[in-house]
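Observations on the model geometry
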Amino acid sequence: MANTTKHILVVDDAATVRMYHRKLLGDAGWATDEAVNGVEALERVLAQDAGSAFDLYVVDINMPRMDGYSFVRELRKLEARHQAPVLMVSTEARSQDASSAFDAGANGYLVKPARPADLVLTAALLLGDTAATLKAAEGAGT
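Residues numbered from 1 in each chain as written. Predicted model: local features only at pLDDT ≥ 70, side-chain atom pairs only at ≥ 80, totals over all residues. Heavy atoms only, no water.

1. What to know about the UniProt feature "modified residue: 4-aspartylphosphate" (unreviewed entry) in the chain
Quick note on the threshold: UniProt positions are given in the numbering used here, feature names are shortened, and annotations may be inferred rather than shown by experiment. Numbering of helices and strands starts at the N terminus; helices are DSSP runs of H or I of at least 4 residues and strands are runs of E of at least 2. Here, residues are in contact when the closest pair of their heavy atoms is within 4.5 Å.
According to UniProt, the feature "modified residue: 4-aspartylphosphate" (unreviewed entry) maps to Asp60 in the numbering used here. Within the element layout of this structure, Asp60 appears in the loop between strand S3 (56–59) and helix H3 (68–75). What Asp60 contacts, discounting residues up to four positions off in sequence, is Val11, Asp12, Asp13, Gly68, Met88, Val89, Ser90 and Lys112.

2. What about the packing of H3 against helix H4 (residues 95–104)?
We count it as follows: All axes here are fitted lines through C-alpha atoms, helices being fitted over the stretch that makes contact, and every angle between N-to-C directions spans 0 to 180 degrees. Should an angle fall under 35 degrees it is taken as roughly parallel, and over 145 as roughly antiparallel, whereas 65 to 115 is taken as roughly perpendicular and any remaining angle as oblique. The residue classification treats Ala, Val, Leu, Ile, Met, Phe, Trp, Tyr, Cys and Pro as nonpolar and Asp, Glu, Lys and Arg as charged. All others, Gly included, are polar.
Their axes nearest at 8 Å, the elements H3 and H4 cross at an angle of 20°. Considered as vectors, H3 and H4 are oriented roughly parallel to each other. Where H3 abuts H4, its residues Tyr69, Val72 and Arg73 lie against Asp97, Ser100, Ala101 and Ala104. The residue inventory of the contact of H3 with H4, partitioned by class, reads 4 nonpolar, 1 polar and 2 charged.

3. Some points on the pattern of salt bridges
Side chains that carry opposite charge are capable of pairing whenever their charged atoms lie near each other. Using the following cut-off: Each reported salt bridge corresponds to a side-chain nitrogen of Lys or Arg within 4 Å of a carboxyl oxygen of Asp or Glu. With a 1.4 Å probe rolled over the protein chains alone, any residue whose accessible area is under 20% of its type maximum counts as buried; one over 50% counts as exposed, and the rest are partly exposed.
Under the counting rule described, the total for this entry stands at 12 salt bridges. For Asp12, the salt bridge identified is with Lys112, shortest N-O distance 2.7 Å. With a gap of 100 residues between them, Asp12 in the loop between strand S1 (7–11) and helix H1 (15–27) and Lys112 in the loop between strand S5 (108–111) and helix H5 (116–127) connect regions that are remote in the sequence. Side by side, Asp12 and Lys112 carry an identical accessibility label, which is buried. The closest approach of N and O atoms between Asp33 and Arg44, which form a salt bridge, is 3.6 Å. Pair noted here: Asp33 is in strand S2 (residues 31–35) and Arg44 is in helix H2 (residues 38–47), with a separation of 11 residues, a long-range link. A relative accessible area of 33% places Arg44 in the partly exposed class. The network of salt bridges with common partners includes Asp12, Asp60 and Lys112.

4. Brief notes about the packing of H2 against H3
Basically, it comes down to this: For any pair of crossing helices, the crossing counts as left-handed if the nearer helix is rotated counterclockwise from the farther one by less than a right angle, and right-handed if it is rotated clockwise.
Across the interface, H2 lies against H3 with an axial gap of 9 Å and an inter-helix angle of 25°. As the angle between them shows, H2 and H3 are arranged roughly parallel. H3 is crossed by H2, and the crossing has right-handed handedness. Residues Gly38, Ala41, Leu42 and Val45 of H2 pack against Phe71, Glu74 and Leu75 of H3. For the contact of H2 with H3, a count of residues per class yields 5 nonpolar, 1 polar and 1 charged.

Have a look at this one:
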C-alpha cells in the first residue's frame, strides 16, 4: 500500500510561527517541511524528485528575499505536479490583502494568529482530507 500521508510546506520567516504551524499540522497527521522565505520554498519545490510533490503550501506574505505573493505567482508558473493548494496566513487583515493573495493564485486566506481549529480545518478542506475535516470541525465547535 502506498504512503498516503499528505505533505505540507510551511513558508514563514518567523521560526516561532513555523514551529507553531508545523506542530498543529503534524498533530493532525500530516508530514511537514519548512522554508524561511519564498526563495527557499521554491528551491525546496524544485528539488523534489519526479515522484513527489507537496500537497499544500501554508505561506506568509511578508518575508525577506521573496514575499508570499511572489512565491505563489512563481509557483503557479511551474509544472502541474507542483500545483497544490496555497493557504496564505498573514498579519495583513485588510480585505485587499486577501484579494491580492487570491489574485496571485492562493486558495485560502487566514489572519494571524490563526486559531488552531481554523488552521487545521482550512488545511483539511484544501487537502480534501475528509477524516481530518470532520475531526477539526468537531474541535472548532467547542
